[in-house]
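# Remarks on the overall topology
Chain residues, written in single-letter form:
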Amino acid sequence: MSVALLAFWPIGPAACAGDIERGRYLVEALTACDNCHTPRGAAGYDFSKRFSGGAQTFSDKTYVVRGPNISPDAETGVGAWTDEELRAAIVDGAGRNHRLAPVMPSDSYKPLTARDLDAIIAYLSSAAPIRAPLQSLQQRSGEWAPHMMPGATATFNEGSLADKGARGLYVASLARCLLCHSAEIDGAPDYRDRLGAGGKIFRNAAGVAVASNITSHPVKGVGAWSDDELKRAITQGISRDGSPLRPPMSTLARAHFSKMSTDDPDALVGWIRTIPPKE
């Protein structure tokens with residue numbers, strides 16, 4: 001409890017407690033900002049340095065970057081950024097002086113409602129400012145085309161989330177389910193032909209993992225899984241046979257998706273059922 005209390009700055013007058021709490025839920029349960037922007041220790045995230053920048057390096061043919069400091073520190077974080085600049089970074093991948101590398105999943109955050117986007121900014125702004133300059137040079141080259149999930153290419157309105165199907169799609173996009181579980185072409189998700197079919201390769205300290213097929217295919221996918229089995233995989237990182245899933249899914253499940261409200265996993269599982277079967 002003491003760490004949690006120390007990790008956040010007094011709330012400014014412009015943000016209400018409800019905004020902060022909604023932002024907390026989105027950041028901790030769905031968008032998982034800590035995964036790239038908070039350093040880790042042996043026991044997991046180091047919340048004493050929350051949002052001060054991640055330890056892992058992300059690289060592709062056109063970039064080599066690390067998750068930067070997004071704490072409210074004015075010099076080394078985003079404390080001097082306006083809310084409009086933060087909105088552009090989160091949903092458009094636009095930095096102050098350059099495009100953000102495509103590892104920043106702005107395409108997945110595109111459907112954020114106006115209220116939820118502002119809630120995330122309010123929550124991040126309430127964190128303690130941490131002075132932490134980047135330890136390595138960020139390298140970027142070329143241009144990146146957007147790759148937004150079908151049906152989640154524009155801002156959702158609040159009213160649409162009352163529909164369970166729309167809410168499931170919303171949760172799936174924010175949690176980047178299909179970004180991880182769709183095969184790739186030249187480093188970009190192939191949403192047209194391989195939506196949800198798995199195949200993306202992850203390399204980390206735990207070894208190599210291949211994203212599984214989460215389409216409705218009864219054999220190759222999760223069509224034969226029960227709703228409870230799917231929810232357990234999402235929120236606990238446990239497979240149908242009771243074995244633990246491999247990172248990064250197991251890590252995300254324990255640290256983030258386990259914090260989902262009851263309604264969101266229900267809606268998400270319902271939406272996953274609609275993904276056309278792929279082998």
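What counts, and where the lines are drawn
- Residues numbered from 1 in each chain as written.
- Predicted model: local features only at pLDDT ≥ 70, side-chain atom pairs only at ≥ 80, totals over all residues.
- Heavy atoms only, no water.
- Pairing = 2+ DSSP bridges.
- Helix = DSSP H or I, 4+ residues; strand = E, 2+ residues; numbered from the N terminus.
- Axes fitted to C-alpha atoms, helices over the stretch in contact; angles between N-to-C directions.
- Parallel < 35°, antiparallel > 145°, perpendicular 65-115°, else oblique.
- Left-handed = near helix turned anticlockwise from the far one by under 90°.
- Contact = heavy atoms within 4.5 Å.
- Nonpolar A, V, L, I, M, F, W, Y, C, P; charged D, E, K, R; others polar.
- Salt bridge = Lys/Arg side-chain N within 4 Å of Asp/Glu carboxyl O.
- Buried < 20%, exposed > 50% of the residue type's maximum accessible area, 1.4 Å probe, protein only.
- Phe/Tyr/Trp six-rings, centres within 6.5 Å; stacked < 30°, edge-to-face > 60°.
- Patch = residues over 30% accessible without salt bridge, like charges linked within 9 Å, V, L, I, M, F, W, Y side chains within 5 Å.
- Areas by Shrake-Rupley, 256 points an atom, 1.4 Å probe, with all protein chains shown as cover.
- Polar contact = N/O pair within 3.5 Å; in protein donor to acceptor, adjacent residues only side chain to side chain.
- 1 Å grid on protein atoms, 1.4 Å probe; cavity = no way out; pocket = protein on both sides within 12 Å on 5 of 7 lines; lining within 4 Å.
- Points joined across faces, edges and corners; volume = space filled by probe spheres on them.
- Expected span 1.5 Å × (residues − 1).
- pLDDT = per-residue confidence, 0-100.

Moving on to the sheet that holds strand β3 (residues 57-60). What the three strands build is an open sheet, ordered β3-β4-β5; its pairing is antiparallel. Strands with a single pairing partner mark the edges of an open sheet, and in this sheet they are β3 and β5 (139-140). Summarising the sheet, strand β4 (residues 63-66) and β5 pair through two bridges and their orientation is antiparallel. Paired with valine 64 across the two strands is glutamine 139, which belongs to β5.

All right, on to the packing of helix α4 (residues 83-92) against helix α6 (residues 114-125) then. The interhelical angle for the contact between α4 and α6, taken along N-to-C directions, is 110 degrees, at an axis separation of 10 Å. The angle between the axes of α4 and α6 places the two elements in the roughly perpendicular class. Pair α4 / α6 crosses with right-handed handedness. Residues Asp83, Leu86, Arg87, Ile90 and Val91 of α4 lie in contact with α6, whose contacting residues are Leu117, Asp118, Ile120 and Ile121. For the contact of α4 with α6, the class distribution of residues is six nonpolar, no polar and three charged.

Tallied over the full model, the rule gives 19 salt bridges. Close ionic contact of arginine 24 with glutamate 28 constitutes a salt bridge, the shortest N to O distance being 3.8 Å. Here glutamate 28 and arginine 24 lie together in helix α2 (residues 17-31), a separation of four residues that amounts to about one turn. The partly exposed category is assigned to arginine 24, whose relative accessible area is 27%. The exposure class assigned to glutamate 28 is buried, which follows from its relative accessible area of 15%. Across the salt bridge formed by arginine 87 and aspartate 118, the nearest N and O atoms sit 2.8 Å from each other. Of this pair, arginine 87 sits in helix α4 while aspartate 118 sits in helix α6, placing them 31 residues apart in sequence.

Turning to the packing of aromatic side chains, a few remarks are in order. Each aromatic ring pair is characterised by the separation of its centres together with the angle its planes make. Tallying each qualifying case throughout the model produces three aromatic pairs. An angle of 40 degrees between the planes, with centres 5.4 Å apart, marks the rings of phenylalanine 156 and tyrosine 170 as tilted. Here phenylalanine 156 is found in the loop between β5 and α7 (164-174), whereas its partner tyrosine 170 is found in helix α7, with 14 residues between them in sequence. Residues phenylalanine 156 and tyrosine 170 agree in their burial class; the two are buried.

What follows covers a nonpolar patch on the surface. On the surface, Ile201, Val208 and Val210 cluster together into a nonpolar patch covering about 260 Å² of accessible area. Its location among the elements puts valine 210 in strand β9 (residues 207-210).

Time to look at unusual backbone geometry. Omega for the bond connecting proline 247 with proline 248 falls within 30 degrees of zero, at 10 degrees, which places this linkage in the cis form. The phi dihedral of phenylalanine 51 is positive, around 70 degrees, even though this residue is not glycine. One non-glycine residue, arginine 176, adopts positive backbone phi at about 60 degrees. Inspection of the secondary structure puts arginine 176 in the loop between α7 and α8 (177-181). Overall, the relative accessible area of 11% leaves arginine 176 in the buried class.

With respect to the element layout, aspartate 116 can be found in helix α6. In terms of polar contacts, aspartate 116 uses its side chain to reach the side chain of arginine 22, at 2.8 Å.

Within the structure shown, the criterion is met by two cavities of 30 Å³ or more. Roughly 40 Å³ of internal volume is contained in the largest cavity. Surrounding the largest cavity, Asp107, Ser108, His147, Met148, Met149, Ala172, Ser173, Arg176, Cys177, Leu179 and Tyr191 form its lining. Of all the elements in the fold, those that place two or more residues in the lining of the largest cavity are α5 (106-109), α7 and α8.

Tracing the backbone through its elements, the reader meets cysteine 36 in helix α3 (residues 34-37). Residues in contact with cysteine 36, not counting those within four places in the same chain, are Gly53, Gly54, Gln56, Phe58 and Gly67.

An ideal rise of 1.5 Å per residue puts 16 Å on twelve residues; α6 measures up with 17 Å between its terminal C-alpha atoms. Asp116, Leu117, Ala119, Ile120, Ile121, Ala122, Tyr123 and Leu124 are the residues of α6 that are buried. Buried residues belonging to α6 abut α2, α4 and α7.

As a further point, take the confidence of the model for the protein chain. Here the protein chain averages 91 in pLDDT, while 94% of its residues score no lower than 70. Confidence over residues 1-13 falls short of pLDDT 50; this stretch has 17 contacts with residues more than four positions distant or in other chains.

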